[in-house]
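For reference, the chains in residue letters:
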Amino acid sequence: MVKFPKIRGTEDRYALDADNFSMLSSIFSLLAKRAGYQEIITPIFESADLFVRSVGNTSDIVTKEFYDFKDKGDRHIVLRPEGTAGVIRALIEEKLIYSKQLPIKVYYTGPMFRYERPQSGRLRQFNQIGIECVGTNNCYDDADILILANNFLRILGLKNYSISINNIGNFETRSKWIAELKKYFKKYEKDLTQDSIKRINTNPLRILDDKVDGKKDFVKNAPKIDNFLSKEEKEYFEELVKLLKMAQVNFTIDPTLVRGLDYYTNFVFEITSNEKILDGQPTLIGGGRYSCLVKELGGTDLSCCGFAIGMERILIQLEAEKQELCKPFSADTCIACISDKAEIKRVALLAANLIKTTGFSCVTNFDSVKLEKHFKYAKENNAKFVIILGEKEYEKAQFVVKDQTNMTQENVSADNLIDYLKSKIK
């Protein structure tokens, strides 16, 4: 029985699992840098007001999911539930939006926190990769970020996913749509959950993507934003659709698609898994365009676009599609010192470090002198060669090198060990 088990909704990662996690981040970092995005690192905790102002005080994040507390200075602190607000706050506070040429392109990785019921693909501490293109107001950058997201999944070898896009208009357009939705949903009040009933007057858009009510036919048949979009907004979206088709991005237009954060405007998208294991939480990547957030947080009036990737869900998707990022660790060598004498162990230690500084990997177990245990340790680490050093070998200034692939062995002089390994390990 573990005395101090991990908190529910968190995960430990070890060995191959940890390697895959790190590799996923590394692959995206390389892709983002090639696209001109630079890394930004922001604090894990921020003022609660930052997220109330940015994601909306009627959003589920604010009303249900904050991991928040009062610190010793009586400040209301929140463990960040998403990455965009902190990034925009940093760009304003560090005056980057005033000193750099626009657009500013940044990417981030790191843990986020939401108090939700844990299930497959949904943790209370989860990790996101995200990008923000700040200070851009055209459909070409909108297309560019979706193409980038799609290319990332293709590089990973993933195929079983779907892309949905929608145009939710600007704030003025959306206010007319929201007024119509309020009238519409009041007629179906008895058929809605208690959460959705509360949202009718506060934010009926949340009903459209509610996990329960969003699947009901009358919700799917609710008034669509198309009826309220201006000519300019329609033309903008038509051009975006043309760009995505030219880039051979397979997508559908979903008129019910809205994002869970209030700052989005115009273009929104989601990339969702078609794998059964992610039925309840299928969104792999979500994003779009957002306006007014920079101004709302104290900066100038800039429009932006971006997206966030759920790392845990991508890893689940990779496993479901049998796509391998990393292979289990395989050591090139294992030093097996089968003597307790200090002078021999010193030689084993020096040999191990010489091997490592030459560029090969080497594992050691200095707590045992039993050859059988050394071979078990070598097998556990998939070592290709076991290098044995005992008293006889020490006296002759040599090692016994056993090839674990073909089970042959040779006596190799200490002076020739590195050259021997170079000839054998490709």
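Calculation rules
- Residues numbered from 1 in each chain as written.
- Predicted model: local features only at pLDDT ≥ 70, side-chain atom pairs only at ≥ 80, totals over all residues.
- Heavy atoms only, no water.
- Helix = DSSP H or I, 4+ residues; strand = E, 2+ residues; numbered from the N terminus.
- Buried < 20%, exposed > 50% of the residue type's maximum accessible area, 1.4 Å probe, protein only.
- Expected span 1.5 Å × (residues − 1).
- Polar contact = N/O pair within 3.5 Å; in protein donor to acceptor, adjacent residues only side chain to side chain.
- Pairing = 2+ DSSP bridges.
- Axes fitted to C-alpha atoms, helices over the stretch in contact; angles between N-to-C directions.
- Phe/Tyr/Trp six-rings, centres within 6.5 Å; stacked < 30°, edge-to-face > 60°.
- Salt bridge = Lys/Arg side-chain N within 4 Å of Asp/Glu carboxyl O.
- Parallel < 35°, antiparallel > 145°, perpendicular 65-115°, else oblique.
- Left-handed = near helix turned anticlockwise from the far one by under 90°.
- Contact = heavy atoms within 4.5 Å.
- Nonpolar A, V, L, I, M, F, W, Y, C, P; charged D, E, K, R; others polar.

J.: Whenever I open this one, the environment of Lys187 confuses me. Can you help?
T.: Considering the arrangement of structural elements, one finds Lys187 in the loop between α7 (171-186) and α8 (194-202). Taking relative accessible area as the criterion, Lys187 reaches 60% and is therefore assigned exposed. Considered as a pair, Lys187 and Tyr98 are 89 residues apart in the sequence and their alpha carbons are 49 Å apart.

J.: Sorry, what's going on with helix α6 (residues 139-155) here?
T.: Because the α-helix completes a turn every 3.6 residues, residues three or four places apart line up on one side. Under the 1.5 Å per step criterion, the end-to-end length of α6 is 24 Å for 17 residues, consistent within 8% with the ideal 24 Å. The N-cap of α6, judged by a side-chain oxygen 2.9 Å from the amide nitrogen of Tyr140 a few residues on, is Asn138. Gly157 sits one or two residues past α6 and shows a positive phi near 85°.

J.: What is the right way to read unusual backbone geometry from this model?
T.: A negative phi angle is the norm for most residues apart from glycine, just as the trans form is the norm for most peptide bonds. With an omega of 0°, the peptide bond between Leu102 and Pro103 qualifies as cis. By the secondary structure assignment, Pro103 is in the loop between α5 (96-99) and β5 (104-113). With phi around 55°, Ala15 is a residue other than glycine that occupies positive phi space. The residue Ala15 is located in the segment before α1 (16-34) in this model. With a phi angle near 60°, Met407 is a residue other than glycine that sits in the positive phi range. Examined against the element boundaries, Met407 turns out to sit in the loop between β15 (398-403) and β16 (408-413).

J.: Where do I start with the sheet that holds strand β2 (residues 45-47) in this structure?
T.: As a general point, the strands of a sheet are linked pairwise by backbone hydrogen bonds and lie either parallel or antiparallel. With antiparallel pairing, 3 strands are arranged side by side in an open sheet as β2-β4-β3. Each edge of the sheet is formed by a strand with only one pairing partner; in this case those strands are β2 and β3 (67-70). Mean inter-strand twist for the sheet, computed between neighbouring axes without regard to direction, equals 35°.

J.: For this particular structure, what's the right way to read the packing of aromatic side chains?
T.: For any two aromatic rings, the description comes down to two numbers: the centre-to-centre distance and the angle of the planes. Applying the stated rule across the entire model yields 10 aromatic pairs. Ring centres 6.3 Å apart and planes at 70° place the aromatic pair Phe269 and Phe307 in the edge-to-face group. Taken as a pair, Phe269 in strand β9 (residues 264-273) and Phe307 in strand β11 (residues 303-310) lie far apart in primary sequence, 38 residues in all. For the pair shown, Phe269 and Phe307 are each scored as buried. Each member of the aromatic cluster is reached from another via a ring pair, and the members are Phe28, Tyr107, Phe152, Phe267, Phe269 and Phe307.

J.: Explain the pattern of salt bridges here, please?
T.: Pairs can form between side chains of opposite charge whenever their charged atoms are close. A complete count under the given rule lists 16 salt bridges for this structure. Here Asp17 ties to Arg13 by a salt bridge, and the two come within 2.7 Å at their closest N and O atoms. A residue is classified by how much of its surface remains accessible, and Arg13, at 26% relative accessible area, is partly exposed. A salt bridge links Lys190 to Asp191; its shortest N-O distance comes to 3.8 Å. Given a relative accessible area of 33%, Asp191 falls into the partly exposed group. One continuous salt-bridge network, built from bridges that share partners, spans Glu11, Arg13 and Asp17.

J.: Please explain the packing of α1 against helix α13 (residues 311-320) as it appears in this structure.
T.: Two packed helices can be described by the angle between their axes and the distance between those axes. One way to put it is that α1 packs onto α13 with a least axis distance of 11 Å and a crossing angle of 110°. Regarding the angle of α1 to α13, the classification is roughly perpendicular. Judged by the twist between their axes, the crossing of α1 over α13 is right-handed. Of α13, the residues touching α1 (which contributes Asn20, Phe21, Leu24 and Ser25) are Met311, Glu312, Ile314, Leu315 and Leu318. Here the contact of α1 with α13 is built from residues that sort into 6 nonpolar, 2 polar and 1 charged.

J.: When you look at the sheet that holds strand β1 (residues 38-39) in this model, what are you seeing that I'm missing?
T.: Read across the sheet, 8 strands follow the order β1-β5-β6-β11-β10-β9-β7-β8 without closing on themselves; strand pairing throughout is mixed. Both outer strands of the open sheet, β1 and β8 (252-253), are each paired with one neighbouring strand and no more. The pairing of β5 with strand β6 (residues 125-134) spans 10 bridges and is antiparallel. Bridge pairing in β6 links Val106 to Glu132. Packing of α1 onto the sheet brings it into contact with β5, β6 and β11, and relative to β6 it is tilted by some 0°.

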